Amino acid sequence: MAPGVARRARQRVRILPLAGARSRSAEDWWWDRLAPSGSGYHLLQSDSMLLVLPGPGPARRRAQRRAARRAQLLRLHGARAAEAKAKPRTAPAPAPAPQQEPDPGWGDRIPLEILLQIFGLLVAADGPIPFLGRAARVCRRWHEAASQPALWHTLTLSPPLVGRPAKSGTKTEKKLLTSLEWLMPSRFSQLQRLTLIHWKSQVHPVLKLVSESCPRLTFLKLSDCHGVTPDTLIMLAKACPQLHSLDIQHSMVSPGVPRGPKEAWPALTGTSVLGLQVESTAVVSFLEEAGPRMRKLWLTYSSQTTAILGALLVCWSRAGAELGAEPGTARPPTLCSPPPLQGSCCPQLQLLEVSTGLNHNSTPLQLPVEALQKGCPQLQVLRLLNLMWLPKPSGRATPPGPGFPSLEELCLASSTCNFVSNEVLDRLLHGSPHLRLLDLRGCARITPAGLHDLPCQGLEQLHLGLYGMSDRLTLAKEGSLLLTQKWCHTLQELDLSGQGFSERDLEQALAAFSGAPGGSHLALCSLNLRGTRVTASTVSAVISNCPGLLYLNLESCRCLPRGLKRAYRGAEEVQWCLRQLLTSLAPPS
């Protein structure tokens, strides 16, 4: 056998196992390829080798080889058919549906009216900032909806760098002012309520923009703002004909600080050297312009508050003319000698609040009660908070005032003892039958008999707590029954903390909540008995008779068992207190 033929035969033998699974067809292929008929060679196959030998070999018929291959194929197809019959037929699995990607234009297909309603609900809950600014960057439709002036009706602006150095705060306010310069004309045309907090240097430019772009402004609050000038307030009063509420508590309204050394500064009328007080002429000028439409006014008590309140009682333009004041001069009327003129500057005022500032002023506030009743007959809320309050003494020939027929809330709360007595309270409330809230915390001179004589029959909230001052006073030990008998069916909140009523008197007073005639439901939901001499049996009776009680304060009650002297909030805690009290009252077995 030639060397080349043997080498090729060995190479073909090596790849024989890789030819396929049909060994018979591979043998036939090698038979015809290596030992074709007439070549003088034949193949000899043994168990482990295939030999190519010279000479003629045994003849193989082509028909036999084809029959063998056909039989092998039939056996293979038969085995596959049997396996197919044995397996149960299952429905073909449906082709997976293509995943639908989010439609990038779904926001554009929402009608603008519906989008405005959705945005309006969010603005009412959280305010327009920062929601509307972020929504405007979603798509064009959302930008159009967020730019509607109807959504920008309430706005609160406060520089974010509060408490930082003055230079950085000024830069921040200037940046915010730059943004407001293009926002005001386009989006704030229907602005109604504006609040500025912690503005130190750019208050005047902001309010100037407001006066130019917000003709529908009705409420303005300046909290801890510096540099508000009188011209700014007058400009707002003229440019905003619907402005009827002004809150300037803790703000600094001054004509400005002159340059030069402090020793050379002239005396500034109505303001301290650093502009730390509200200038009376600025507020009086504002009330002169906007007084007939004013509804609500918030002030911080200072040495100029008397002059500002004087503007509520007389008409400033007519008063100035009669007193001989020149136009533009700062001569506000005083309460000590008001001019004898009819009418007032703010006849439609409904809310008046005067509170103490951060620097407590020890000068008592004197207010002519009868003059205020005549000047503000529609007053509904009067708050004189945490300040020394003295009514102006009324002469013997002075007739009683008309009262406040529409008054619903009177708050004279103070952290220190004041001079409000039964006589003063009667002068204030003798004509107020619709009073709903009476806050006399700190008014130790008020007695239950004086409260019982008030004309109001539907009082809902009564606060008589004495905080931190009961040890220095001689308190009444009887009379609480007069309060609960008169208002037991209308009271929702009752505060008797620090009062000196005896155990027997409190038991009789709180027994008035034991039941209501005709099966009517008791409205009491808050009861403060902190520091009183209430007993466990009295408290358990009140809880049992008032199922709607949600707040109960029993701190520092010496007659109660230990572990129960605390405040209870919620129906579950109040009922737990009742179970503990009943357990402590049960006789030992």
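Residues numbered from 1 in each chain as written. Predicted model: local features only at pLDDT ≥ 70, side-chain atom pairs only at ≥ 80, totals over all residues. Heavy atoms only, no water.

Another aspect to go through is the pairing of strand E4 (residues 193-197). In this sheet, E4 lies alongside strand E3 (residues 154-157) in parallel orientation, the contact comprising 4 bridges. Bridge pairing in E4 places Thr-154 opposite Arg-193. Traced from E4 through helix H8 (residues 203-213) to strand E5 (residues 219-223), the parallel crossover comes out right-handed. (Pairing = 2+ DSSP bridges. Helix = DSSP H or I, 4+ residues; strand = E, 2+ residues; numbered from the N terminus. Right-handed = clockwise from strand over helix to strand, strands pointing away.)

For the rest of this paragraph, the subject is the pattern of salt bridges. Within this structure, the stated rule accounts for 8 salt bridges. A salt bridge links Glu-460 to Arg-436; its shortest N-O distance comes to 3.9 Å. Taken together, the residues span a long stretch of sequence, with Glu-460 in the loop between helix H15 (448-452) and strand E14 (461-463) and Arg-436 in the loop between helix H14 (422-429) and strand E13 (437-439) at a distance of 24 residues. The closest approach of N and O atoms between Arg-566 and Glu-573, which form a salt bridge, is 3.9 Å. The exposure class of Arg-566 is partly exposed, given its relative accessible area of 33%. Salt bridges sharing partners connect three or more residues here, namely Glu-353, Arg-383 and Glu-409. (Salt bridge = Lys/Arg side-chain N within 4 Å of Asp/Glu carboxyl O. Buried < 20%, exposed > 50% of the residue type's maximum accessible area, 1.4 Å probe, protein only.)

Here we come to the confidence of the model for the protein. Looking at the protein as a whole, the pLDDT averages 76, with 68% of positions reaching at least 70. This stretch, residues 315-342, has a pLDDT under 50; its non-local contacts, to residues over four places away or in other chains, come to 42 contacts. (pLDDT = per-residue confidence, 0-100. Contact = heavy atoms within 4.5 Å.)

Right, let's talk about helix H16 (residues 480-487) for a bit. Among the residues of H16, those classed as buried are Ser-480, Leu-483, Thr-484, Lys-486 and Trp-487. End-on view of H16: buried residues confined to an arc of 165°, all on one side of the axis. Against H15, E14, strand E15 (493-495) and helix H17 (503-510) lie the buried residues of H16. (Arc of directions from axis to C-beta.)

As a further point, take the environment of Ala-511. Note on placement: Ala-511 falls in the loop between H17 and strand E16 (526-528). With a relative accessible area of 40%, Ala-511 lands in the partly exposed category. Sequence separation of Ala-511 and Ala-541 is 30 residues, and the distance between their C-alpha atoms is 7.6 Å.

For the structure shown, the criterion picks out 5 aromatic pairs. An aromatic cluster is present here, built from Phe-119, Phe-131 and Trp-142 joined pairwise through their rings. The ring of Phe-219 has Arg-193 lying over it, and the distance from NZ or CZ to the ring centre is 4.1 Å. (Phe/Tyr/Trp six-rings, centres within 6.5 Å; stacked < 30°, edge-to-face > 60°. Lys NZ or Arg CZ within 6 Å of the ring centre and 35° of its normal.)

Together, Ile-114, Ile-118 and Leu-122 line one region of the surface with nonpolar side chains, adding up to about 240 Å² of accessible area. Exposure remark for Ile-118: the relative accessible area of 41% places this residue in the partly exposed category. (Patch = residues over 30% accessible without salt bridge, like charges linked within 9 Å, V, L, I, M, F, W, Y side chains within 5 Å. Areas by Shrake-Rupley, 256 points an atom, 1.4 Å probe, with all protein chains shown as cover.)

Along the polypeptide, His-250 turns up in the loop between strand E6 (245-247) and helix H10 (280-290). With relative accessibility at 36%, the residue His-250 sits in the partly exposed group. Separated by 26 residues in the primary sequence, His-250 and Asp-224 have C-alpha atoms spaced 5.0 Å apart.

Next up on the list: the environment of Ile-197. Mapping Ile-197 onto the fold places it in strand E4. A residue is classified by how much of its surface remains accessible, and Ile-197, at 24% relative accessible area, is partly exposed. Those residues within four positions of Ile-197 in sequence are excluded, and the remaining contacts are Thr-156, Leu-157, Ser-158, Pro-159, Ser-223 and Cys-225.

Summarising the element assignment, Ser-147 is placed in the loop between helix H6 (140-146) and E3. What makes Ser-147 buried here is its relative accessible area of 18%. At 2.7 Å, the side chain of Ser-147 forms a polar contact with the backbone oxygen of His-143. Of the polar contacts made by the side chain of Ser-147, one reaches the side chain of Arg-187; its length is 3.4 Å. Residues in contact with Ser-147, not counting those within four places in the same chain, are Ser-186 and Arg-187. (Polar contact = N/O pair within 3.5 Å; in protein donor to acceptor, adjacent residues only side chain to side chain.)

Let us now look at the nonpolar core. Of all hydrophobic cores here, the largest spans 120 residues; its most connected members are Trp-389, Leu-410, Leu-428, Leu-438 and Leu-451. Every residue in contact with Trp-389, bar those within four places of it in the chain, is listed here: Leu-365, Leu-367, Val-369, Leu-384, Phe-419, Val-420, Val-424 and Leu-428. (Core = buried A, V, L, I, M, F, W, Y, C linked by side-chain atoms within 4.5 Å.)

This brings us to the pairing of strand E7 (residues 296-301). Burial runs high along E7: 5 of the 6 residues are buried. Of the pairings in the sheet, the one linking E6 to E7 comprises 3 bridges and is parallel in character. Residue pairing for E7: Leu-246 is matched across the bridge by Leu-297. With 6 bridges joining them, E7 and strand E8 (residues 351-356) adopt parallel strand pairing. Within the sheet, the bridge partner assigned to Tyr-301 lies in E8 and is Thr-356.

For the rest of this paragraph, the subject is unusual backbone geometry. A cis amide bond links Ile-129 to the next residue, Pro-130, at an omega of 10°. Mapped onto the elements of the fold, Pro-130 is located in the loop between helix H4 (112-126) and helix H5 (131-135). One non-glycine residue, Asn-386, lies in the positive phi region at around 55°. Position of Asn-386 among the secondary structure elements: in the loop between strand E10 (381-385) and strand E11 (389-391). Despite not being glycine, Ser-556 has its phi angle at roughly 60°, a positive value. Relative to the assigned elements, Ser-556 resides in the loop between strand E17 (551-553) and strand E18 (567-569).

Relative orientation of the contacting elements helix H18 (residues 536-545) and helix H19 (residues 571-585) amounts to 140°, with a least axis distance of 9 Å. As far as their axial angle goes, H19 and H18 are oblique. For the element pair H18 and H19, the recorded crossing hand is left-handed. Note on element contacts: H19 touches H18 through Val-574, Gln-575, Cys-577, Leu-578, Leu-581, Leu-582 and Leu-585, opposite Ala-536, Ser-537, Val-539, Ser-540, Ile-543 and Ser-544. Residues belonging to the contact of H18 with H19 are distributed by class as follows: 9 nonpolar, 4 polar and no charged. (Axes fitted to C-alpha atoms, helices over the stretch in contact; angles between N-to-C directions. Parallel < 35°, antiparallel > 145°, perpendicular 65-115°, else oblique. Left-handed = near helix turned anticlockwise from the far one by under 90°. Nonpolar A, V, L, I, M, F, W, Y, C, P; charged D, E, K, R; others polar.)

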